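# Coordinates in review
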Amino acid sequence: MTKEAEQISNFFGITAALLFITGNAYYPAKLAAKNFRPWSPETALFFKRYLKVHIMLNLAALMAVTVHGHYAEERNVLLSGCFVATVWLTIAGALMHYRVVPGMQRQLRLLHTQQVLFVVWIVLIVAGHASL
Ligand code: HEM
Ligand code: HEM
């Protein structure tokens, strides 16, 4: 693997990480805000706007992580699984948001917003890199 490939991979890895963190802070923020219901109109508007940010940043992060993984010099089953989980979360999120299959909204929401899946996804990222 050339030095350039490694630099490209590292750059996109850091970019993906920053995008994922900013985009998905949506989740803990919303969990915390659920304790303070009913929301003021400002808070409701904030989360409506943050959902758009969540979507845009996660879509951009998926592109970044694809380049990152493509140019990465090593991989393992955890990181491959992590990539599959990322693609799956994105597809489920997009299908839900754009109401592609109207009859499946409930199932998609359940799959996409599940805490277990979110935790597994983070464990795969961390454990995958730690065991390289
Ligand atoms: C979903 C999210 C992922 C995120 C947020 C992420 C993020 C990162 C970051 C920030 C680095 C450190 C870059 C640096 O040293 O400057 C890194 C390194 C690396 N990543 Fe990822 N990555 C992800 C997925 C993957 C996948 C799917 C693969 C493999 C196909 C992969 C393979 C690697 C490799 C080989 C390194 C270099 C490790 C080393 O320098 O020892 N990553 N990643
Ligand atoms: C790896 C990427 C992603 C992760 C880890 C992720 C994770 C999550 C989580 C944990 C929630 C629940 C937040 C809550 O309690 O309200 C959520 C909500 C949501 N996500 Fe994602 N998401 C990702 C990408 C996307 C993408 C790409 C889209 C759309 C194209 C999307 C659309 C949505 C929508 C519409 C909701 C709101 C569901 C509701 O109405 O409560 N997500 N996401």
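Residues numbered from 1 in each chain as written. Chains lettered and ligands numbered in written order. Predicted model: local features only at pLDDT ≥ 70, side-chain atom pairs only at ≥ 80, totals over all residues.

## Topic: the confidence of the model for the protein chain
Low pLDDT means the predicted coordinates in that region are not meant to be read closely. Quick reminder of the rule: The pLDDT score gives, residue by residue, the confidence of the prediction method on a 0 to 100 scale. Working definition: helices are DSSP H or I runs of at least four residues, strands are E runs of at least two. Numbering for both runs from the N terminus.
For the protein chain, per-residue confidence averages 96 on the pLDDT scale, and 99% of positions sit at 70 or higher. Ranking the elements of the protein chain by mean pLDDT puts helix α5 (residues 105-112) last, at 95, and helix α3 (residues 41-71) first, at 98.

## Some thoughts on the site of ligand 1
Test applied: Nearness rests on one distance test: the residue's C-beta atom, set from the backbone, must lie within 6 Å of the molecule or strand. An automatic or database domain assignment provides the domain bounds reported here.
For ligand 1, the set of nearby residues contains 20 residues, the closest of which are Asn10, Gly13, Gly69, Ala72 and Arg75. Contributions of two or more residues to the shell around ligand 1 are made by α1 (3-24), α3, α4 (77-97) and α6 (115-130). A total of six residues in the shell around ligand 1 trace back to one element, the largest contributor, which is α1. Taken domain by domain, the makeup of the shell around ligand 1 includes at least three residues from each of domain 1 (1-73) and domain 2 (75-132).

## Points about the site of ligand 2
Note the following rule: Polarity classes work like this: nonpolar for Ala, Val, Leu, Ile, Met, Phe, Trp, Tyr, Cys and Pro, charged for Asp, Glu, Lys and Arg, and polar for all others, with Gly in that last group.
In the region of ligand 2, 20 residues are neighbours, and Asn58, Leu89, Gly93, Ala94 and Thr113 sit closest. Within the residue set of the shell around ligand 2, elements represented by two or more residues are α2 (26-33), α3, α4, α5 and α6. Taken together, the residues of the shell around ligand 2 sort by class into nine nonpolar, nine polar and two charged. Split by domain, the residues of the shell around ligand 2 number at least three in each of domain 1 (1-73) and domain 2 (75-132).

## Observations concerning the nonpolar core
Operational definition: By definition, a nonpolar core groups buried Ala, Val, Leu, Ile, Met, Phe, Trp, Tyr and Cys residues that connect through C-beta atoms lying within 7 Å of each other. Each residue is classified by how many other C-beta atoms fall within 10 Å of its C-beta atom, where C-beta atoms are placed from the backbone; a count of 20 or more means buried, 12 or fewer means exposed, and values in between mean partly exposed. We call two residues in contact when the distance between their C-beta atoms, placed using the backbone, is within 7 Å.
Residues Phe12, Ala16, Leu19, Phe20, Ala61, Ala64 and Val65 constitute the largest nonpolar core, which totals seven residues. Mapped by element, the contributors of at least two residues to this core are α1 and α3. Sort the elements by how many residues they give to this core and α1 lands first, with four residues. In contact with Val65, other than residues within four places in its own chain, are Ala16 and Thr86.

## Side note on α4
As a reminder, the rule being used: The span expected for a helix works out to 1.5 Å for each residue beyond the first. For this quantity, the arc is that covered by the directions from the helix axis to the C-beta atoms.
The end-to-end C-alpha distance of α4, which contains 21 residues, comes to 30 Å, matching closely the 30 Å that a straight helix rising 1.5 Å per residue would cover. Listed in full, the buried residues belonging to α4 are Cys82, Thr86, Leu89, Ala92 and Met96. Viewed end-on, α4 has its buried residues packed into an arc of 140 degrees, placing them on one side of the element. Opposite the packed face of α4, turned more than 90 degrees from it, sit the exposed residues Val77 and Val84. Where α4 is buried, its residues contact α3, α5 and α6. One or two steps after α4, the chain reaches Arg99, where phi turns positive at roughly 50 degrees.

## Concerning the environment of Ser9
Secondary-structure assignment places Ser9 in helix α1. Overall, Ser9 belongs to the partly exposed group, with 18 C-beta atoms counted inside 10 Å. Placed 59 residues apart in sequence, Ser9 and His68 show a C-alpha to C-alpha distance of 4.3 Å. The contact partners of Ser9, leaving out residues within four places of it in the chain, are His68, Tyr71 and Ala72.

## Re unusual backbone geometry
The omega angle of the peptide bond from Arg37 to Pro38 is -5 degrees, so this bond is cis rather than trans. Looking at where Pro38 falls in the secondary structure, it is placed in the loop between α2 and α3. Although it is not a glycine, Arg99 adopts a positive phi angle of roughly 50 degrees. Mapped onto the elements, Arg99 comes out in the loop between α4 and α5.

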